[in-house]
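Residue-level structural notes
One letter stands for each residue in the lines below.
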Amino acid sequence: MSAERREYREHDELQGEGWSRLLAAARRRLERTSGALDGDIGLEGPSEAERRTVIGITGRYRAENAQRLAISLHELDGYLHDRYGTGLLTTLDRLHGPLRDRPAERSDEEARREQALKSAHSSRLAGQGWFAAWLERIAADGTLTRLVRRGDAPLLDAAVRVLESLPGDRDRFPGDQDRPPAHPAGVLPLPVLAEWATGDTKALVPGSPLEQLVLRALAQRTGGDIPRVRAGRRALWESAGAIADDLASQVLVLNIGAEGDTVVCDWLRDAADFGIPFRLTLHQLATAPVVPAARTIFVCENPAVLRAAAGELQDTSAALVCTEGVASAACHKLLGDAVRAGARLHWRADFDWAGLRITAGAVARHGARPWRMTAADYTAALSKGESTPLAGPPAASPWDPELARAMAESGSTVMEERLLPALLSDLTRT
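A few points on the structure. In this text the structure is predicted, and so the values were computed from the model without any measurement.

Paired through their backbone hydrogen bonds, the strands of a sheet run either parallel or antiparallel. Pairing in this open sheet of six strands is mixed, and the strands run β6-β5-β8-β7-β9-β10 from one edge to the other. Strand pairing shows two members of the sheet lacking a second neighbour, β6 (278-281) and β10 (369-370), which therefore form its edges. In this sheet, strand β8 (residues 319-322) lies alongside strand β5 (residues 250-254) in antiparallel orientation, the contact comprising three bridges. Considered in β8, the bridge of L252 is made with C322. Contacting β5 and β6, helix α13 (residues 263-274) runs over the sheet at an angle of about 160 degrees to β6.

Okay, here's the thing in structure tokens:
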């Protein structure tokens, strides 16, 4: 029989019902053992065609009611040699392509994982707890494995370069040649950051794999989770000194006034004269510098507080800035300039773990004084109504350690709105 006809017969017969599951089981076994022709394979609940095939291979009778049929790979290999002139390995290769060597693949995959982690751990950020925790989590939850399997392991190095270049770590660079150019307001536009880290200005667009990796690290650093909504993600970037859009980065203010002769300063003075809330963009603050006229500025987290102050106190309210959650780059720019001009900040947030982190960050960054953020304030407000459970990782309250302890003990949040009467009293100008 010609080789061509033998190969045709082999292909035709081995595609039949009696062979397909048997050869698939053989392939799985051989791929797990790097092609070793040792041991048995089995078929559960065999069909009549499969039973007859196994009898033909082994020359041993198998009962019609057999629930499982076993056959050694050595027997199967010998049968295929005798009947078709090719052994099991060659037959499987011809029918369905080359066998995979899964142990070798796993070993190679593990080596690439370890190399990616080794490179990341060589970063100048490696000594920081949040960075190590971020790497540990992406290694443990399968993220790194998926990157390696897709051939995207270099994204981890790119994420590290992005994190190293953020404004909070810029002083760690050894020279100006390593610094990506900053925005006039002292923050980094995301396209600039992406180009510097990867050579692709669009590498950090919303939803990209690199953006996801970096946001996970930033969330780890702040002790929270990646926000689901776009505005929250933008705020997370801004908390690290990076901006997607200097027009979208805004800060809500009331009665801060302004020193200077720019049009933005005129707007702020007019708004303060009438007690009207006003929004400033980072673009405005960068192109038309604003120095708040107020030397005492209160800072709250929720717009409801500023809305109440505007409604009840109007132009008699003390200067008030609302962060609307995590402070934006515009907010930090405005308040940083105010502090450098001699203003004193009184800062508060919700009584939840995120609120403690926000307030602690303001104390560290701007020298702010916590405003009604003591354990006594919390306990008094807690007794005035129902509260939702605290969520997320705990945070410290360095200005009043008893506050964090009291919150952990009660397990309850208290929103700013519950303190409105006391807050409005503080804001009433005398």
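From this point, the discussion proceeds with the structure in view.
Put simply, the largest pocket is a space of about 1,400 Å³. Lining the largest pocket are 49 residues; nearest its centre among them are T222, L236, S239, V326 and I358. Of all the secondary-structure elements, those providing two or more residues to the lining of the largest pocket are α11 (209-222), α12 (230-239), α16 (329-340) and α17 (353-366). At eight residues, α17 tops the list of elements feeding residues into the lining of the largest pocket. Here the second largest pocket is characterised by a volume of approximately 280 Å³. Around the second largest pocket, the lining comprises 16 residues; the ones closest to its centre are L190, L204, P206, R230 and A244. Elements that contribute at least two residues to the lining of the second largest pocket include exactly α10 (190-198) and α12.

Turning next to helix α7 (residues 129-140). Under the 1.5 Å per step criterion, the end-to-end length of α7 is 16 Å for twelve residues, consistent within 8% with the ideal 16 Å. Looking at the packing, one finds that the buried side of α7 touches α6 (102-121), α8 (143-150), α9 (154-165) and α11. Of the residues flanking the end of α7, it is G142, one or two places downstream, whose phi is positive at about 95 degrees.

Where helix α3 (residues 48-58) meets helix α4 (residues 73-84), the closest approach of the two axes is 9 Å, and the angle between their N-to-C directions is 80 degrees. In terms of axis orientation, α3 runs roughly perpendicular to α4. In contact with G56, I57 and T58 of α3, α4 contributes E75, L76 and Y79. Looking at the contact of α3 with α4, its residues break down into three nonpolar, two polar and one charged.

All right, on to the side chain of D377 then. Among the structural elements, D377 can be located in helix α18 (residues 375-382). Here D377 is in contact with F351 and R372, once residues within four sequence places are set aside.

As a further point, take the packing of α7 against α11. At their nearest, the axes of α7 and α11 sit 9 Å apart, and the two run at 130 degrees to each other. By the angle between their axes, α7 is oblique relative to α11. Crossing angle aside, the handedness with which α7 passes α11 is right-handed. Between α7, through W130, A133, W134, R137 and I138, and α11, the contact on the second element is made entirely by L213, R216, A217, Q220 and R221. Partitioning the contact of α7 with α11 into residue classes produces six nonpolar, one polar and three charged.

Tallied over the entire structure, the rule returns 25 salt bridges. Of the charged contacts in the structure, one is a salt bridge between E105 and R100, with a shortest N-O distance of 2.6 Å. Residue class for E105 comes out partly exposed when judged on its relative accessible area of 32%. On the basis of relative accessible area, R100 is assigned to the partly exposed category, the value being 40%. Residue D337 is joined to K333 by a salt bridge in which the shortest nitrogen-to-oxygen separation is 3.3 Å. One end of the pair is D337 and the other is K333, both in helix α16 and four residues apart, which spans about a single turn. When sorted by exposure, D337 lands in the same class as K333, which is buried. Linked by salt bridges that have partners in common, E48, R51, R52 and E64 make up one network.

Analysis parameters
Residues numbered from 1 in each chain as written. Predicted model: local features only at pLDDT ≥ 70, side-chain atom pairs only at ≥ 80, totals over all residues. Heavy atoms only, no water. Pairing = 2+ DSSP bridges. Helix = DSSP H or I, 4+ residues; strand = E, 2+ residues; numbered from the N terminus. Contact = heavy atoms within 4.5 Å. Axes fitted to C-alpha atoms, helices over the stretch in contact; angles between N-to-C directions. 1 Å grid on protein atoms, 1.4 Å probe; cavity = no way out; pocket = protein on both sides within 12 Å on 5 of 7 lines; lining within 4 Å. Points joined across faces, edges and corners; volume = space filled by probe spheres on them. Expected span 1.5 Å × (residues − 1). Parallel < 35°, antiparallel > 145°, perpendicular 65-115°, else oblique. Nonpolar A, V, L, I, M, F, W, Y, C, P; charged D, E, K, R; others polar. Left-handed = near helix turned anticlockwise from the far one by under 90°. Salt bridge = Lys/Arg side-chain N within 4 Å of Asp/Glu carboxyl O. Buried < 20%, exposed > 50% of the residue type's maximum accessible area, 1.4 Å probe, protein only.

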